[in-house]
Each structure stands twice: as structure tokens, then as C-alpha cells.
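Descriptive analysis of the structure
Spelled out, the chains give:
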Amino acid sequence: MNNTTLETLISEAEVQRRVSEIGEEIRKDIPEGQIVLLGVLKGSFPFLADLCRKVSGDVVVDFVQISSYGEEKSSSGVVQIKKDHDINIEGKHVIIVEDIVDTGLTLKHLIQLLTTRHPASLKVASILAKPEAMKHKVPIDYLGFEIPNAFVVGYGLDYAERYRQLPYVAILKEEDS
Ligand code: IMP
């Protein structure tokens, strides 16, 4: 039987400190006007919830959900919009809010799609990125932490839908027992 153990990689305090900094950076870069924070479900929800309270001024929140086809996801895979945003983003300052950029495939497709909807600006905030795993070059304007190419959970990230609620980021290790 396999036992799983969690090894803390980024503490709750570190996460919260960085989210506050990102919130301030975003408002500094877009000093006036409404900012649309567009969370990518499901994993972005804790980051989005914390971030939206750290960006001052006029902020609105919306979500998209992407579905990827099976194992192909990390190579040539196909991604599809499962839930589209409700807010009209034309002429708006939009920040895509992601939990993690792994290969970059999801983000690449999302950027391509949203660009066709003519936002005033389109930027990306991701709490985590695995630079060693990135196959598709995508810009990350606001990055929380670069992490090694390991499987992580917590702060929105799951393993079979578990661990999303953890306030910190941990490496999930499977051990034979
Ligand atoms: P990408 O399209 O390869 O960049 O994959 C992004 C998505 O894969 C993320 O939004 C996560 O849902 C999932 N993912 C990638 N790495 C991890 C991980 O280490 N733990 C949990 N989910 C992950």
C-alpha cells in the first residue's frame, strides 16, 4: 500500500506575504480604472480570494474553467473552455489568476482566446511556476514562487481533489509501506 506524506515547501506566512506584494504591484502597474481578476478554476480560488483583497480600488472577479483531454494535456494536448467568463472583458484591464504554470499549455491557449476578445491589457498572475517543466513559453507578469519540478499540493492545488484547502504549499511524496 502507498502512504503519502506532505513536506512543506512554502509556508502560509510566505504565501501571504508574497500575495500582498503582488496585489500592490498590480495596482501600481494599473493605477486607475477597473481591474478584472479572472481566476482559472478550480485551483486558483484561494489565491484569487486572497489577492482580490490586496488590490485596492475598483476590482471585479470572474472565473473560467478549462478542461484538458486526458494524458495528452502535458504534450500536444487539446484544451477547451468548460466555463466561460460572464463579464465582458473588451476594453478592460484583465489579470488571469492561476494556481500554477507547469507546461504552460493551459495558459497559452487561454491567452490566445482572451486576446481575441480585445481587453485593454491582459496580464498573468500565478502563485507558482515550475520553470523546468515549461514547454510553452508564456509570460508570467506576477509570479509568487518558482518551484522545482515536483508534484505539489495545497493553496488550491489538489491530488485527486484533496488538499486544496491547505493554507501552505507542500510536496506530495508517495512512499511504499
Ligand atoms: P499546464 O497547462 O501544464 O501549465 O498545467 C497547469 C495545470 O496543471 C494547473 O492549473 C494544475 O491544475 C495542474 N498541475 C500542474 N502541476 C501540478 C502540481 O504539481 N500539483 C497539482 N496540480 C498541478
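In short, a report on the structure. (Residues numbered from 1 in each chain as written. Predicted model: local features only at pLDDT ≥ 70, side-chain atom pairs only at ≥ 80, totals over all residues. Heavy atoms only, no water.)

Some details on the sheet that holds strand 5 (residues 93–101)
Strand order across the open sheet formed by 6 strands is 4-3-2-5-6-7, with mixed pairing between neighbours. Single-partner strands in this sheet number two, and they are strand 4 (79–83) and strand 7 (142–146). Shown here is a sheet whose adjacent strand axes are inclined to one another by a mean of 30°, direction ignored. Across 7 bridges, the pairing between strand 2 (residues 35–41) and strand 3 (residues 59–68) is parallel. What sits directly across from L37, in strand 3, is V61. Across the face of the sheet, helix 2 (residues 45–52) comes into contact with strand 2, strand 3, strand 5 and strand 6 (121–129) while running at roughly 165° to strand 3. Helix 3 (residues 105–115) contacts strand 2, strand 3, strand 4, strand 5 and strand 6 of the sheet and is inclined by roughly 165° relative to strand 5. (Pairing = 2+ DSSP bridges. Helix = DSSP H or I, 4+ residues; strand = E, 2+ residues; numbered from the N terminus. Axes fitted to C-alpha atoms, helices over the stretch in contact; angles between N-to-C directions. Contact = heavy atoms within 4.5 Å.)

Some words on the packing of helix 1 (residues 12–29) against helix 2
Interhelical geometry of helix 1 versus helix 2 gives an angle of 60° and a closest axis separation of 9 Å. Regarding the angle of helix 1 to helix 2, the classification is oblique. In terms of crossing hand, the pair formed by helix 1 and helix 2 is right-handed. Listed contacts from helix 2 to Q16, V19, I22, G23 and I26 of helix 1 are F47, D50 and L51. Across the contact of helix 1 with helix 2, the residue classes break down as 5 nonpolar, 2 polar and 1 charged. (Parallel < 35°, antiparallel > 145°, perpendicular 65-115°, else oblique. Left-handed = near helix turned anticlockwise from the far one by under 90°. Nonpolar A, V, L, I, M, F, W, Y, C, P; charged D, E, K, R; others polar.)

Quick look at the pattern of salt bridges
Proximity of charged atoms lets side chains of opposite charge pair with each other. Using the criterion set out here, one finds 9 salt bridges in the structure. Close ionic contact of R18 with E21 constitutes a salt bridge, the shortest N to O distance being 2.8 Å. With a gap of 3 residues between them, R18 and E21 both fall in helix 1, about one helical turn apart. When its relative accessible area of 17% is taken as the criterion, R18 is described as buried. Between E161 and R164 there is a salt bridge whose closest N-O contact spans 2.9 Å. With a relative accessible area of 46%, E161 lands in the partly exposed category. (Salt bridge = Lys/Arg side-chain N within 4 Å of Asp/Glu carboxyl O. Buried < 20%, exposed > 50% of the residue type's maximum accessible area, 1.4 Å probe, protein only.)

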